[in-house]
Amino acid sequence: MKAIEARDLVRRFGDLIAVNGVTFDVEQGEIFGFLGPNGAGKTTTINMLCTLLRPTAGTARVAGYDVCTQPAAVRRSIGLVFQDPSLDEQLTAWENLRFHAMLYGMQRSDFERRAQELLAMVELADRTHDLVRTFSGGMKRRLEIVRGLLHVPRVLFLDEPTLGLDPQTRRHIWDYIFRLREKENVTIFLTTHYMEEAEHADRIAIIDHGRIIALDTPENLKATVGGDVIHVRTSDPTRAVERLRTRLQVEPRVVDGVVMVELPQGERMVPQVVQVLSNGDPPLEVQSISLRRPTLEDVFIKLTGRAIRDEGADSMARMRMAVRSRRRH
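Everything numeric in this text was worked out from a predicted model, so none of it was measured. (Residues numbered from 1 in each chain as written. Predicted model: local features only at pLDDT ≥ 70, side-chain atom pairs only at ≥ 80, totals over all residues. Heavy atoms only, no water.)

Caption draft 1: Highlighting the overall build of the protein. If you tally the helices and strands in the protein, you get 12 helices and 14 strands. Projecting the C-alpha coordinates of the protein onto the three principal axes gives extents of approximately 80 × 45 × 40 Å. Looking at the protein as a whole, 51% of its 329 residues are labelled buried. Within the protein, contacts between residues separated by at least 24 positions form 72% of all contacts whose residues are at least 6 apart in sequence. With an accessible surface of roughly 15700 Å², the protein has 48% of that area assigned to carbon and sulfur atoms. Side chains of the protein carry 46 positive and 45 negative charges; the gap between the two charge centres is 4 Å. (Helix = DSSP H or I, 4+ residues; strand = E, 2+ residues; numbered from the N terminus. Buried < 20%, exposed > 50% of the residue type's maximum accessible area, 1.4 Å probe, protein only. Contact = heavy atoms within 4.5 Å. Areas by Shrake-Rupley, 256 points an atom, 1.4 Å probe, with all protein chains shown as cover. Lys, Arg positive; Asp, Glu negative; His and termini not counted. Charge placed at Lys NZ, Arg CZ, Asp CG, Glu CD.)

Caption draft 2: Seen up close, the pattern of salt bridges. On inspection of all chains with the given rule, the structure shows 20 salt bridges. For Glu112, the salt bridge goes to Arg108, with nearest N and O atoms at 3.2 Å. With Glu112 and Arg108 both in helix H4 (residues 108-121) and 4 residues apart, the pair spans about one turn of that helix. Close ionic contact of Arg181 with Asp202 constitutes a salt bridge, the shortest N to O distance being 3.2 Å. Linking Arg181 in helix H6 (residues 167-184) with Asp202 in the loop between helix H7 (195-198) and strand S9 (203-208), this pair joins segments that are 21 residues apart in sequence. Because the salt bridges share partners, they merge into one network encompassing Glu199, Glu219 and Lys222. (Salt bridge = Lys/Arg side-chain N within 4 Å of Asp/Glu carboxyl O.)

Caption draft 3: Quick peek at H4. With 14 residues, H4 should reach 20 Å at 1.5 Å per residue; the first-to-last C-alpha distance of 20 Å fits that figure. For H4, the full list of buried residues reads Phe111, Arg114, Ala115, Leu118, Leu119 and Met121. Down the axis of H4, the buried side of the element spans an arc of 150 degrees, and every buried residue falls inside it. Among the structural elements, helix H3 (93-103), helix H5 (137-149) and H6 are those in contact with the buried residues of H4. After H4 finishes, the residue Glu123 shows a positive phi value of roughly 60 degrees. (Expected span 1.5 Å × (residues − 1). Arc of directions from axis to C-beta.)

Caption draft 4: The arrangement of the side chain of Arg147 in detail. Mapped onto the elements of the fold, Arg147 is located in helix H5. In this structure, Arg147 is buried with no salt-bridge partner, the nearest side chain bearing the opposite charge being Glu144 at 4.2 Å. In this view, Arg147 contacts Ser86, Leu87, Leu97 and His100; residues no more than four positions away in its chain are not counted.

Caption draft 5: Up close: the sheet that holds S9. The strand order S6-S7-S8-S3-S9-S10 describes an open sheet built from 6 strands, whose pairing is mixed. Edge positions in the open sheet fall to strand S6 (78-81) and strand S10 (211-216), since each of these has one partner strand only. Direction aside, the axes of adjacent strands within the sheet are offset by 15 degrees on average. Judged from the 4 bridges that link them, strand S3 (residues 31-35) and S9 form a sheet pairing that is parallel. Following the sheet pairing, Phe32 is matched in S9 by Arg203. Lying on the sheet, helix H11 (residues 296-304) is in contact with S3, S9 and S10; it crosses S9 at an angle near 40 degrees. (Pairing = 2+ DSSP bridges. Axes fitted to C-alpha atoms, helices over the stretch in contact; angles between N-to-C directions.)

Caption draft 6: View of the packing of aromatic side chains. According to the stated counting rule, one finds 9 aromatic pairs in the structure shown. Measuring from centroid to centroid gives 6.4 Å for Phe32 and Phe34, while their planes differ by 40 degrees, and the two rings are tilted. No difference in accessibility class separates Phe32 from Phe34, as the two residues are buried. For the pair Phe34 and Phe189, a centre-to-centre distance of 5.3 Å together with 50 degrees between the ring planes defines the contact as tilted. (Phe/Tyr/Trp six-rings, centres within 6.5 Å; stacked < 30°, edge-to-face > 60°.)

Caption draft 7: Main features of unusual backbone geometry. The omega torsion of the bond from Asp281 to Pro282 falls at 0 degrees, within 30 degrees of zero and hence cis. As for its placement among the helices and strands, Pro282 is situated in the loop between helix H10 (266-278) and strand S14 (286-292). Positive phi, normally seen in glycine, also occurs at His209, with a value near 50 degrees. Within the fold, His209 resides in the loop between S9 and S10.

Caption draft 8: Representation of helix H1 (residues 42-49) in the model. In terms of residue burial, H1 counts as a mostly covered element, since 8 of its 8 residues are buried. Here H1 has its buried residues at Lys42, Thr43, Thr44, Thr45, Ile46, Asn47, Met48 and Leu49. Backbone geometry just after H1 places Thr51 at a positive phi near 70 degrees.

Caption draft 9: Spatial organisation of the environment of Leu248. Looking at the element boundaries, Leu248 is found in helix H9 (residues 237-248). For Leu248, a relative accessible area of 13% puts it in the buried group. Beyond its immediate sequence surroundings of up to four residues, Leu248 is in contact with Arg243, Met269, Gln272, Val273 and Val276.

Dropping the structure here:
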């Protein structure tokens, strides 16, 4: 049995299609990443899988249960760490966890044993009885992960789990996630727009404008780029693209004013790229040039023609306005 099965999921908010025919499976014990810009449909998909939103069309099963016809069973089987903070900061860490355990009907002895184990695992045992408002952002995130795992879920959903945290804290959060996966054997479904974070997933679905445009392991996705990536800043990006296309038979792209070209054995091709640009008529000034191995950012650019940015925030704002409008009516 798959941990998650989604088939042709659609979610509309008025005229806005937030998720448009999404299909994928997640294996038991897998770390599955949803990668895409803000507003691409990541959170909406999680909300449907967690029964917080009803699909407009399509089907989904989580832990073997249908999200539409068996929502209570789905909720008992999942843990969820929301994108926005959801702890009660006027309560202690222990009180937040105790309230969650009461909602799930946990026996007191089971709760106390489980809470102590998880708090120790994420290095919060010494802050058990401190008010949450005294916690740092990273500590709050760790406590939210503990809360999501408290009732022994089969699937843990993490919606942008490290959003707003500094790089060092983000690395620590991922150390805890790996440790929890190893000890708990829980399936983890996460959304992110951080490229380096998505690298931790066993498989990644890249989503854009509500559609999955690629799904594979990080390494297989990066292999589709076709070679090393050379970045060139030049005095005339448009003319540089034309010249490289003609002379080297490649297909460069311009992203944020930088010419990007994929070439095998890129370190050997850098001098040739400089020569092609500098020796033409007119000669083009090469202001800077760099070489690196393909990343998931390059995969997204190759598939969409643009970099992942927060440009999706506009569509997210439109979606929220649509939701508020529907609630008023």
